[in-house]
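# Structural characterization, general
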Amino acid sequence: MVMRSSPLPRMSRRGRVTIGVLIGVFVLFTLLGWGVQAWTDWLWFDEVRYTQVFTGVLTTRVLLFLVVGLAMAVIVGGNLWLAHRLRPRLRPHSLEQATLERYRMVLGPRLGLWISLAAVVVGLFAGLSAQSRWNQWLLFRNGGDFGVKDPEFGIDIGFYVFQLPFWRYLLGIGFTAVVLALLGALAVHYIFGGVRLQGVGDRMTNAARAHLSTLVAVFVLLKAVAYVLDRRSMLLDYNEGAKLYGAGYADINALLPAKEILAYISVVVAIAIIVFSNAVMRNLVWPGISLALLGVSAVAIGGIYPWAVQTFEVKPSAKDKEAPYIERAIGATRSAFGLADTKTSPYAASNLVPPGSLATDTSVVPNVRLLDPQLVSETYTQLQQVRGFYDFGPKLDIDRYAVSGKTSDFVVGVREVNYNELTDQQNTWINRHTVYTHGYGLVAAPANQVVCGGQPYFVSGFLGEKTQEACSSQVEQIPASQPRIYYGERMGPDDYAIVGQANPERNAEFDRPTQTGGEQYYTYTGEGGVEIGSFTRRLLYAIKQQESNFLLSEAVNDNSKLLYVRNPRDRVEKVAPFLTVDGDPYPAVVGGRVQWIVDGYTTAATYPYAERVNLQAETTDELTGRGTFQLARENVNYIRNSVKATVDAYDGTVRLYEFDQTDPVLKAWNKAFGGDLVLPNDKIPAELREHLRYPADLFKVQRNLLTKFHVTAPGDFYSAQDFWQVPNVPDNPDGGQKQPPFYLWTQFPGQDAPRFQLTSAVTPNGRQNLAALISGSYVDGKPQLEVLELPDQTRISGPVQVHQQMTNNANIRQQLNLLSSNQAQVQYGNLLSLPFGNGMLYVEPVYVKSNQQDAYPLLQKVLLSYGDGGSYVVLANNITDGIKQLVEQGKEAAQGATPPSGGTPPPSGGTNAPPLTGELAEAAGKVQTAIAEVKAAQTSGDFERYGRALKALDDAMTAFQRAQQAATPASPTPGATPSGSPAPSSGSPAPSPSAGG
């Protein structure tokens, strides 16, 4: 008897043991990693008192993994077992069966093991996929109604947002299970003789035919269910004819009934497959014909017919055919993105002459913001850094405070530790994690005031109780009883801190430098942090951080706490993983403590007929990545600023406050986590409410949508003739970056009083003149969008045009050239577009920054324009002087004089100019001397000398202008020339300025 060799070589015992050990080690370390991550996450959530989030998400993920994985394993494994059970006992002899015999010999003895292994693998991957759908399941289970019905089927929007995504996922799971079961069963039937490709007689046994045909029928029935869901999902699809989302004319009148017909056909085909395969003819001819019929129907009814309707009926008259559906899309988009209550007002902007009321205004002009938070961040760092590792980030924030009974906006920044700036000697494990643990102070300066040659006037964040600096306030005007910053935007994922000392009398944390030149140390006393005093905790975090010093270092003691996840955005995202977090958190002093305020959005992507946008693309502008975090590439068609979150900068306490009390999505999430995850709106402290602001990323999305969806008439929308666009950055229009919106404390036409509002200018699509001003603010605690719409074909220039007109003015260009040289550069701040006196006032601060190392920008001049942007332009020392010059130009225009073309150029000895004599010649000589000193100071890099030189030039030019006016009394009042710092605007605190830089 000849023994057949095994088709697979046998592995030695040593090889099997080695593989078993390797697999065991891999599983052990995988489970250890998961265990350590879960345990440390629990400790962190316990620290912030949001354990319901941890347990809720973990429980949901585990249940979905088990339920879906087990269901998939049972379906696939059960069908494999059934296919083997239905195998024929006798198989005809053939070459095919002889070839398959060797595989039957391998599988047969351990068939149960092979089936179980296949089922486990399939179930594992299905479970891993399912656990990532925890958010869809929680919304499916806890979602309610929106109170709004879709315009086609009359179904509440809640079905689309909460139910439809999970139903579609379950349908996908069903298709996957049936296909895998069908393929697996077919393979088993083939191996064990139930399906044959060769030999006489039937190619398939009755049992195999019944089994496989039933699976095919189930697949076709699932297809019928898919057609039913597709009818609902059509309201979410893109309508190519109207260039909008939502079902259009061809979809509603051709594809929608086609889907219904195909659903019925699918049911009939499923029944036909079972009947003809097993009860009537017992072959696959008619079932095959049925499937072919379904395929032909899908192509003809579901493809060709809608295409014909779109091509021959809709396209020739698309404007009329698509009008009702365009109207649906407009209404849905405005509702889904919070645009429905936008207040639109016409603004003629017909006044092109500066009115006299500019000089006496108390609501707009005194509050004009001069400090650009992006440019002056360097100034804050150089003047308030004190130590090289302190940092304010690449962009500061704007907030408002009431100081001395007057509310105005301030540029604020937090003095944080930037661990990347530690020197090699400082950057040891001990120093990085136990010594340099925190920053100190919220530094603020009025946004409309500069001193000392163009510096901000600092009023808070001092390292001592008082300051003797002439360029700062003598006392803290925005005092914080706890100014230490343990949690901030400069903290990365690896920047953890270990605080707490064994000896309470020995402070180890660097706190701040003292005025006497020493250093003060501190020991953390807050409630934040995870206790790591025990050996178990140290071992746990040594594994998590892969750092042995948790076990070896004496800096870790019985009183130690570990502070991690220290970035405010990361902290809020971890506590509320269902929120999309705004990219620009900002600090505020609330109750004597520095609080990070973070805006949280609830979003959805299945709002019928609403426009779908990509959050990353819509929120990216010049500031993205420069102090503003970039949002993820998330496609949404519904968004609400539902949550205002705070993170305490000292102890890391996170609080979530309900802001939008009508948002069904937030209500569903709150219910999913026990009902008390988010604090009610009335729990927002009054002092915190004063610092809430319209969120930047939401405003960008709404502003971008309003460029199209301000048009509400379907015909006008289809023609797209009245669409707008967001202009590029005015001083770099070719860079392709959009102009960011800007925060202002100001009053627009139609408003009762000044508000803290986010504003943006928009221009007509394809043109650069001004089309409208869009602003977002809070009125009685409610968000309010307002649009000031200018007439079509307006003469008013847009931001890019205004900047070009102001800087290209011959006289102003000459003065700007004096400010810049090979040793310095001119930088332009925010170009503010302000409606005033039925006209437009433009203000753009001008900074000068030396090219020397560690130089910082100084505010030296202010560009102002009124009207159409080119007729009335001045370059002034400060807002007050600039307004006076604009008003004077307006008076001269009213008297019939030609508007001046900018500031007066410096005196020159040109060949055509009459010779200067007397006091005028003496004044001109002093100007030339002062100009030479400015250039020399620039070259030397001495900032103090540079400030004195600019002040001297300012005095010399003022004397020259007086002499010029005395010599020619009828001459127009000239504009200012380069000088020192602008003086504080009216209504601002009056510091004691110094000429030094």
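Below you will find a few notes about this structure. Just so you know, the residues in each chain are numbered from 1, in the order the chain's sequence is written. Selection of residues for local features in this predicted model requires a pLDDT of at least 70, selection of side-chain atom pairs for listing and counting requires 80 or more, and totals for whole chains, interfaces and linings are taken over all residues. Side-chain calculation: all heavy atoms of the structure are included, whereas hydrogens and water are not.

### Description of empty space enclosed by the protein
A cavity here means a set of 1 Å grid points, computed over protein atoms only, where a 1.4 Å probe fits but cannot escape. A pocket is an open set with protein on both sides within 12 Å along at least 5 of 7 lines, and lining residues have an atom within 4 Å of a point. Grid points are joined across faces, edges and corners, and a volume is the space filled by probe spheres set on the points. Applying the stated criterion across every chain, the model contains four cavities of 30 Å³ or more. Within this model, the largest cavity holds a volume of roughly 80 Å³. Glu 47, Val 48, Arg 49, Glu 527, Gly 528, Arg 571, Asp 651, Gly 652 and Thr 653 together form the lining of the largest cavity. Each residue gets one label: Ala, Val, Leu, Ile, Met, Phe, Trp, Tyr, Cys and Pro are nonpolar, Asp, Glu, Lys and Arg are charged, and the others, such as Gly, are polar. Counted by class, the lining of the largest cavity contains one nonpolar, three polar and five charged residues.

### Section: the sheet that holds strand β17 (residues 561-563)
Any two strands between which DSSP finds at least two bridges are classified as paired. Every helix listed is a DSSP run of H or I at least four residues long, and every strand listed is a run of E at least two residues long, numbered separately from the N terminus. Spatial strand order, β13-β17-β16: three strands in an open sheet with antiparallel pairing. Of all the strands in the sheet, the pair left with one neighbour each is β13 (497-499) and β16 (530-531). Pairing of β13 with β17, which is carried by three bridges, proceeds in the antiparallel orientation. Each bridged residue has a counterpart across the sheet, and for Ala 497 the counterpart in β17 is Leu 563.

### With respect to the pattern of salt bridges
Salt bridge, as applied in this entry: a Lys or Arg side-chain nitrogen positioned within 4 Å of an Asp or Glu carboxyl oxygen. Applying the stated criterion across every chain, the model contains 31 salt bridges. Of the charged contacts in the structure, one is a salt bridge between Lys 644 and Asp 599, with a shortest N-O distance of 2.3 Å. Of this pair, Lys 644 sits in strand β23 (residues 638-648) while Asp 599 sits in strand β20 (residues 593-604), and the two are 45 residues apart along the sequence. Taken individually, Lys 644 and Asp 599 each receive the classification buried, so the pair is uniform in this respect. Each of Lys 395, Asp 397, Asp 584 and Arg 693 takes part in salt bridges that share partners, so that together they form one network. When a residue's accessible area, from a 1.4 Å probe over protein chains only, is under 20% of the maximum for its type it is buried; when over 50% it is exposed; and in between it is partly exposed.

### Some thoughts on the packing of helix α2 (residues 51-85) against helix α6 (residues 157-191)
Direction vectors running N to C along α2 and α6 enclose 25°, while the axes themselves pass 8 Å from each other. Comparing the axis directions of α2 and α6 gives the class roughly parallel. Classified by chirality, the crossing of α6 by α2 is right-handed. Every residue of α6 that contacts α2 at Val 68, Met 72, Ile 75, Val 76, Asn 79, Leu 80, Ala 83 and His 84 is listed here: Tyr 169, Ile 173, Thr 176, Ala 177, Leu 180, Ala 181, Gly 184, Ala 185, Val 188 and His 189. Class assignment for the residues of the contact of α2 with α6 results in 13 nonpolar, five polar and no charged. Between N-to-C directions, angles cover 0 to 180 degrees, with each direction set by a line fitted to C-alpha atoms, over the stretch in contact for helices. For classification purposes, an angle smaller than 35 degrees is called roughly parallel, one larger than 145 roughly antiparallel, one from 65 to 115 roughly perpendicular, and anything else oblique. The hand of a helix crossing depends on one turn: near helix anticlockwise from the far one by less than a right angle means left-handed, and clockwise means right-handed. Contacts: residue pairs with any heavy atoms within 4.5 Å of one another.

### Focus on the packing of aromatic side chains
Between 30 and 60 degrees the pair is tilted, below 30 it is stacked and above 60 it is edge-to-face, where a pair is any two Phe, Tyr or Trp rings, Trp via its six-membered ring, whose centres lie within 6.5 Å. Under the criterion given, the structure shown has 40 aromatic pairs. Between Tyr 486 and Tyr 524 the ring centres are 4.6 Å apart and the planes differ by 65°, which places this aromatic pair in the edge-to-face class. Here Tyr 486 is found in the loop between β12 (484-485) and β13, whereas its partner Tyr 524 is found in the loop between β15 (519-522) and β16, with 38 residues between them in sequence. Among the residues examined, Tyr 524 registers a relative accessible area of 7% and is labelled buried. Centroid distance Tyr 607 to Tyr 638: 5.9 Å. Interplanar angle 5°. Geometry classified as stacked. With a gap of 31 residues between them, Tyr 607 in the loop between β20 and β21 (613-614) and Tyr 638 in strand β23 connect regions that are remote in the sequence. Across the pair, exposure class does not vary: Tyr 607 and Tyr 638 are buried alike. An aromatic cluster is defined as three or more aromatic residues linked by ring pairs; in this entry it consists of Trp 137, Phe 140, Phe 166, Trp 167 and Tyr 169. Consider the ring centre and the ring normal. A charge sits over the ring if Lys NZ or Arg CZ is within 6 Å of that centre and within 35 degrees of that normal. Residue placement shows Arg 484 over the ring face of Tyr 522; its charged tip is 3.9 Å from the ring centre. The residue whose ring lies beneath Arg 693 is Tyr 586, and the NZ or CZ to ring-centre distance is 3.9 Å.

### Let's talk about the sheet that holds strand β5 (residues 397-403)
Spatially, three strands are ordered β5-β6-β9 in an open sheet, and the strand pairing comes out antiparallel. Because the sheet does not close on itself, it has two edges, and the strands there are β5 and β9 (442-446). Ignoring which end each strand starts from, the neighbouring axes of this sheet average 45° apart. Where helix α12 (residues 376-384) meets the sheet, its contacts fall on β6 (406-414) and β9, and the angle it forms with β9 comes to roughly 120°.

### A word on helix α16 (residues 568-575)
Looking at α16, one finds that the buried residues are Pro 568, Arg 569, Arg 571, Val 572 and Val 575. Projected onto a plane normal to the axis of α16, the buried residues spread over an arc of 160° and lie on a single side. One side-chain oxygen of the residue at the start of α16 lies 3.0 Å from the amide nitrogen of Arg 569, identifying that residue as Asn 567. It is the directions from the helix axis to the C-beta atoms that the arc portrays. For the purposes of these results, a polar contact is taken to be a pair of N or O atoms within 3.5 Å, where, inside protein, one atom must be able to donate a hydrogen and its partner to accept one; residues adjacent in sequence count only when each atom of the pair is a side-chain atom.

### What about the state of the cysteines?
Where two cysteines share a covalent bond between their sulfur atoms, that bond is called a disulfide. The disulfide criterion is simple: two cysteine sulfur atoms within 2.5 Å. According to the stated counting rule, one finds one disulfide in the structure shown. Each disulfide pairs two cysteine sulfurs, and for Cys 452 the partner residue is Cys 471, the sulfurs being separated by 1.9 Å. The sign of the S-S torsion, about -105°, decides the handedness of the disulfide formed by Cys 452 and Cys 471: left-handed. Placement of Cys 452 in the loop between β10 (450-451) and β11 (455-456) and of Cys 471 in the loop between β11 and β12 is noted, with a sequence separation of 19 residues between them. Of the two residues, Cys 452 and Cys 471, neither departs from the other in class, the shared state being buried.

### Quick notes on unusual backbone geometry
Excluding glycine, residues mostly carry a negative phi; peptide bonds, for their part, are mostly trans. A positive phi is found at Ala 349, a non-glycine position, where the angle reads about 50°. Within the secondary structure layout, Ala 349 lies in the loop between β3 (343-346) and α12. By relative accessible area, which is 3% here, Ala 349 ends up buried. For Tyr 609, which is not glycine, the phi dihedral falls at a positive 70°. Position of Tyr 609 relative to the elements: it lies in the loop between β20 and β21.

### Details of the environment of Asn 637
Mapping Asn 637 onto the fold places it in the loop between β22 (635-636) and β23. With a relative accessible area of 1%, Asn 637 lands in the buried category. Along the backbone, Asn 637 and Thr 333 are 304 residues apart, and their C-alpha atoms lie at a distance of 7.5 Å. Non-local contacts of Asn 637, meaning those with residues more than four positions away in its chain, are made with Ala 336, Phe 337, Ala 604, Ala 605, Thr 606, Tyr 607, Ala 610, Glu 611 and Arg 612. Side-chain polar atoms of Asn 637 contact the backbone nitrogen of Thr 606, separated by 3.2 Å.

### Some thoughts on the pairing of strand β33 (residues 858-866)
Counting buried residues in β33 gives nine out of nine residues, a clear majority hidden from the surface. The pairing of strand β32 (residues 839-850) with β33 spans eight bridges and is classified as antiparallel. Counted as the bridge partner of Val 848 is Leu 858 from β33. Here β33 runs beside strand β34 (residues 872-876); their pairing, made up of five bridges, is antiparallel. Pairing of Leu 863 across the sheet is with Leu 875, part of β34. Here β33 folds back onto β34, and the loop between the two strands holds five residues, one of which, Gly 867, carries a positive phi near 95°.

### Details of helix α22 (residues 799-808)
Think of an α-helix as 3.6 residues a turn; residues three or four steps apart then line up on the same face. Along α22, the positions that sit buried rather than exposed are Pro 799, Val 800, Val 802, His 803, Met 806 and Thr 807. What you see down the axis of α22 is that its buried residues fit within an arc of 165°, all on one side.

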